[in-house]
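Secondary and tertiary structure notes
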Amino acid sequence: MTNRTFAIIKPDAVKNNNSGKIIDHILNSGYEILSARLTRMTLAQAEGFYAVHVGRPFFEELTRFMSSGSCWVLVLGKDNAVEEWRKTIGATNPVDADEGTIRKLYATSLSENAVHGSDSDKNAAIEIGFFFSDAELIACQ
Ligand code: GDP
């Protein structure tokens, strides 16, 4: 069964001209891109998206960074998409990420770590709904 997950190519990766390489990595790893859009989050949107982290010491830095420039928001399809995408991107902190993962390749720090990936099917559905309407999603084949 094909599942969906939600991904972001974060502002650091866009600024560093790594979007194309990351999209190549996505396609070469067997994901189908079901929808994608270049956008720039407002601070309020970033605060809403990361509401689970309200009160954490890094919340302000995180939301300021995520609204600091353009990012790609994507819906990816693959069997077991959520778990697979977490493996493809690697650990949150790039120093802990495995060789060959997107964060190992392109992240520059814990806060500027190139990509986002949903951590559960439930959150993937919520995060997809945050940015995309049903009409914008190409049906999984
Ligand atoms: P993720 O699911 O791997 O993205 O990690 P989390 O959901 O735990 O955190 C969301 C994002 O907040 C991460 O991708 C990091 O960019 C950032 N972040 C998490 N922990 C820290 C931290 O301790 N310090 C800073 N500066 N940023 C953090």
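Residues numbered from 1 in each chain as written. Predicted model: local features only at pLDDT ≥ 70, side-chain atom pairs only at ≥ 80, totals over all residues. Heavy atoms only, no water.

**A word on the site of the ligand**
Filter applied, for reference: A molecule or strand has a residue near it when one of that residue's heavy atoms lies within 4 Å. The accessible surface values rely on the Shrake-Rupley method and a 1.4 Å probe; as for residues, cover is taken only from the protein chains in view. The nonpolar class holds Ala, Val, Leu, Ile, Met, Phe, Trp, Tyr, Cys and Pro. Asp, Glu, Lys and Arg form the charged class, and all remaining residues, Gly among them, are polar.
The full set of residues close to the ligand is K10, Y50, H53, F58, E61, L62, R86, T92, R103, L110, S111 and N113. Protein contacts shield 77% of the accessible area of the ligand, which totals 550 Å² for the unbound molecule. Residue composition of the shell around the ligand, grouped by class: 4 nonpolar, 4 polar and 4 charged.

**Examining helix α2 (residues 19-28)**
In an α-helix there are 3.6 residues to a turn, and that puts residues three or four apart on one side. Worth spelling out the cut-off: Partly exposed describes any residue whose relative accessible area lies between the buried limit of under 20% and the exposed limit of over 50%, with all areas from a 1.4 Å probe on protein chains only and scaled to the type maximum. Here a strand is any run of E in DSSP of at least two residues, a helix any run of H or I of at least four, and the numbering for each starts at the N terminus. Working definition: the arc comes from the directions between the helix axis and the C-beta atoms, pointing outward to the latter.
Within α2 the residues assigned to the buried category are S19, I22, H25 and I26. Buried residues of α2 fall within an arc of 125° about the axis and therefore sit on the same side. Residue G30 follows α2 closely and has a positive phi angle near 90°.

**Thoughts on the sheet that holds strand β4 (residues 115-117)**
Rule in force here: Only strands joined by at least two bridges in the DSSP assignment are considered to pair. Between the N-to-C directions of two axes lies an angle of 0 to 180 degrees, each axis being a line fitted to C-alpha atoms and, for a helix, fitted only over the stretch in contact. Here, two residues are considered to be in contact whenever any of their heavy atoms come within 4.5 Å of each other.
Reading across from one edge, β2-β3-β1-β4 is the order of the 4 strands in this open sheet, with antiparallel pairing throughout. Strands with a single pairing partner mark the edges of an open sheet, and in this sheet they are β2 (32-39) and β4. Each neighbouring strand pair of the sheet contributes to a mean axis angle of 20°, computed without reference to strand direction. Contacts from helix α5 (residues 81-89) reach β1 (2-9), β3 (71-79) and β4 within the one sheet, and its direction differs from that of β1 by about 35°.

**Here we look at the side chain of N18**
Convention followed: Polar contact criterion, stated in full: a pair of N or O atoms within 3.5 Å, where within protein one must be able to donate a hydrogen and the other to accept it, and residues adjacent in sequence count only if both atoms are side-chain atoms.
Looking at the secondary structure, you find N18 in the loop between α1 (11-15) and α2. One polar contact links N18 to K21, side chain to side chain, over a distance of 3.1 Å. Other than its neighbours up to four places away in sequence, N18 contacts A13 and Y106.

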